Amino acid sequence: MSLAEQYRSVAAELSRVCREADRDPSEVRLVAVSKTVEIPAIASAIGAGALDLGENRPDRIVAAHAAYPRARWHFIGNVQSRRIADIVGCAHLVHSVFVEKHLRRIDAAAEQAGKVQDVLLEVNVSGEQSKGGIAPQQAPELLRAACELPHVRVKGLMTMAPQGDLQIAEECFADLRALRDSLNAALPARIAPLSELSMGMSEDWRCAIRQGATIVRIGRAIFSERFA
Ligand SMILES: *Cc1c(COP(=O)(O)O)cnc(C)c1O
């Protein structure tokens, strides 16, 4: 399969899985994670219909955004203080914020750039040491801090499930949804409820959809020939 065919095949399966789960396919955004291919190759995915793309390194999102400024670029990687202005300069949505100091710097960079930066709070639901994100019980406090920042808008939550066991992954996604719902129940009326759940990658996105994902981040299933 060509890259364009691979993109279309994943997009078609996404619609199918949504309908099987009684969900409207328009409620789930496909973010094509292009981090493993050369920048010119991204054109094939965009040509095949990709509107949302994801990168996990500041240098890459800057270069990819410069090459394809009309695509919506999602930052899904490690946020480092000194690269925040670059990330805010190109990101439609930052999925991976979990440090209060970074939220404050995003707020300042967004004010400079004359925008309000949409973000997701990354939650380490599984508790794996190797993963980023705040512990679920720290989410209310981080959300409260974020809500005080005028140039940051928290749209929802993001997580990465442990690899290798789809049942454990699905429980992890269910936990993220429950956390979002409990955070919403405690939000003051002036704050818009958290609507987004960014969860699900090449191997586990189907169970993420069943558990309410509104954004899936798919890399290899689109961009790797071996996965086709
Ligand atoms: C690389 C990456 C993805 C995509 O992973 P695949 O398994 O290739 O689909 C999704 N989310 C994050 C945070 C990533 O770093």
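Above this text is the structure in question.
Residues numbered from 1 in each chain as written. Predicted model: local features only at pLDDT ≥ 70, side-chain atom pairs only at ≥ 80, totals over all residues. Heavy atoms only, no water.

## Let's talk about the site of the ligand
Okay, so step 1: Neighbouring the ligand are Lys35, Ile76, Met160, Met201, Ser202, Arg217, Ile218, Gly219 and Arg220.
Okay, so step 2: Note that an oxygen atom of the ligand is positioned 2.7 Å from one of the side-chain N or O atoms of lysine 35.
Okay, so step 3: Between the ligand and arginine 220, the relevant distance is 2.6 Å, taken from an oxygen atom to a side-chain nitrogen or oxygen of the residue.
Okay, so step 4: Summarising the interface, the protein chains cover 91% of the accessible area of the ligand, which totals 390 Å² for the free molecule.
Okay, so step 5: Among the residues making up the shell around the ligand, the classes are represented as four nonpolar, two polar and three charged. (Near = heavy atom within 4 Å. Polar contact = N/O pair within 3.5 Å; in protein donor to acceptor, adjacent residues only side chain to side chain. Areas by Shrake-Rupley, 256 points an atom, 1.4 Å probe, with all protein chains shown as cover. Nonpolar A, V, L, I, M, F, W, Y, C, P; charged D, E, K, R; others polar.)

## Focus: helix H6 (residues 139-147)
Okay, so step 1: All of the buried residues along H6 are Ala139, Leu142, Leu143, Ala145 and Ala146. Down the axis of H6, the buried side of the element spans an arc of 160 degrees, and every buried residue falls inside it. Facing away from the buried side of H6 by more than 90 degrees, the exposed set consists of Glu141 and Arg144.
Okay, so step 2: Those residues of H6 hidden inside the fold are in contact with helix H5 (100-113), strand S5 (117-122), strand S6 (152-158) and helix H7 (166-186). (Buried < 20%, exposed > 50% of the residue type's maximum accessible area, 1.4 Å probe, protein only. Helix = DSSP H or I, 4+ residues; strand = E, 2+ residues; numbered from the N terminus. Arc of directions from axis to C-beta. Contact = heavy atoms within 4.5 Å.)

## Thoughts on the nonpolar core
Okay, so step 1: Counting 70 residues, the largest nonpolar core has Leu103, Leu157, Val216 and Ile222 as the members making the most contacts within it.
Okay, so step 2: For this core, the leading source of residues is helix H1 (residues 3-20), giving seven residues.
Okay, so step 3: In this structure leucine 103 touches Val97, Val119, Leu121, Leu142, Ala146, Leu149 and Val152, once residues within four positions along its chain are discounted.
Okay, so step 4: In this structure, Val31, Val33, Leu93 and Ile215 belong to the second largest nonpolar core, which totals seven residues. (Core = buried A, V, L, I, M, F, W, Y, C linked by side-chain atoms within 4.5 Å.)

## Some details on the pattern of salt bridges
Okay, so step 1: Scanning the entire structure with this criterion turns up 14 salt bridges.
Okay, so step 2: Between glutamate 27 and arginine 23 there is a salt bridge, and its shortest N-O distance comes to 3.4 Å.
Okay, so step 3: Looking at glutamate 27, the relative accessible area reads 45%, which means it is partly exposed.
Okay, so step 4: A salt bridge links glutamate 170 to arginine 210; the nearest nitrogen and oxygen atoms lie 3.2 Å apart. Placement of glutamate 170 in helix H7 and of arginine 210 in helix H8 (residues 205-210) is noted, with a sequence separation of 40 residues between them.
Okay, so step 5: The class for arginine 210 is partly exposed, based on a relative accessible area of 47%.
Okay, so step 6: It is possible to trace a salt-bridge network through shared partners that takes in Arg29, Asp52, Arg72 and Glu196. (Salt bridge = Lys/Arg side-chain N within 4 Å of Asp/Glu carboxyl O.)

## Examining H7
Okay, so step 1: With 21 residues, H7 should cover 30 Å at 1.5 Å per step; its first-to-last C-alpha distance of 31 Å lies within 8% of that length.
Okay, so step 2: Turning to H7, its buried residues are Ala169, Glu170, Cys172, Phe173, Leu176, Leu179, Arg180 and Leu183.
Okay, so step 3: On its buried face, H7 sits against H6, S6, strand S7 (196-198) and H8.
Okay, so step 4: N-capping of H7 is provided by aspartate 165, with a side-chain oxygen placed 2.9 Å from the backbone N of glutamine 167. (Expected span 1.5 Å × (residues − 1).)

## Here's the deal with the side chain of arginine 83
Okay, so step 1: Along the chain, arginine 83 turns up in the loop between strand S3 (72-75) and helix H4 (84-90).
Okay, so step 2: Residue classification places arginine 83 among the buried positions, given a relative accessible area of 15%.

## Details of the pairing of S5
Okay, so step 1: By the criterion of burial, S5 is predominantly enclosed, with six of the six residues buried.
Okay, so step 2: Of the two faces of S5, both are covered, the one formed by Gln117, Val119 and Leu121 as well as the one formed by Asp118, Leu120 and Glu122.
Okay, so step 3: Where strand S4 (residues 93-97) lies against S5, three bridges are found, and the strand directions are parallel. From the neighbouring strand, leucine 93 faces S5, where its bridge partner is aspartate 118.
Okay, so step 4: Each parallel crossover has a hand, and for S4 linked through H5 to S5 it is right-handed.
Okay, so step 5: Note: S5 against S6, six bridges, orientation parallel. Each residue of the ladder has a partner; that of leucine 121, found in S6, is leucine 157.
Okay, so step 6: You can see the chain leave S5, run along H6 and come back into S6, and the turn it takes is right-handed. (Pairing = 2+ DSSP bridges. Right-handed = clockwise from strand over helix to strand, strands pointing away.)

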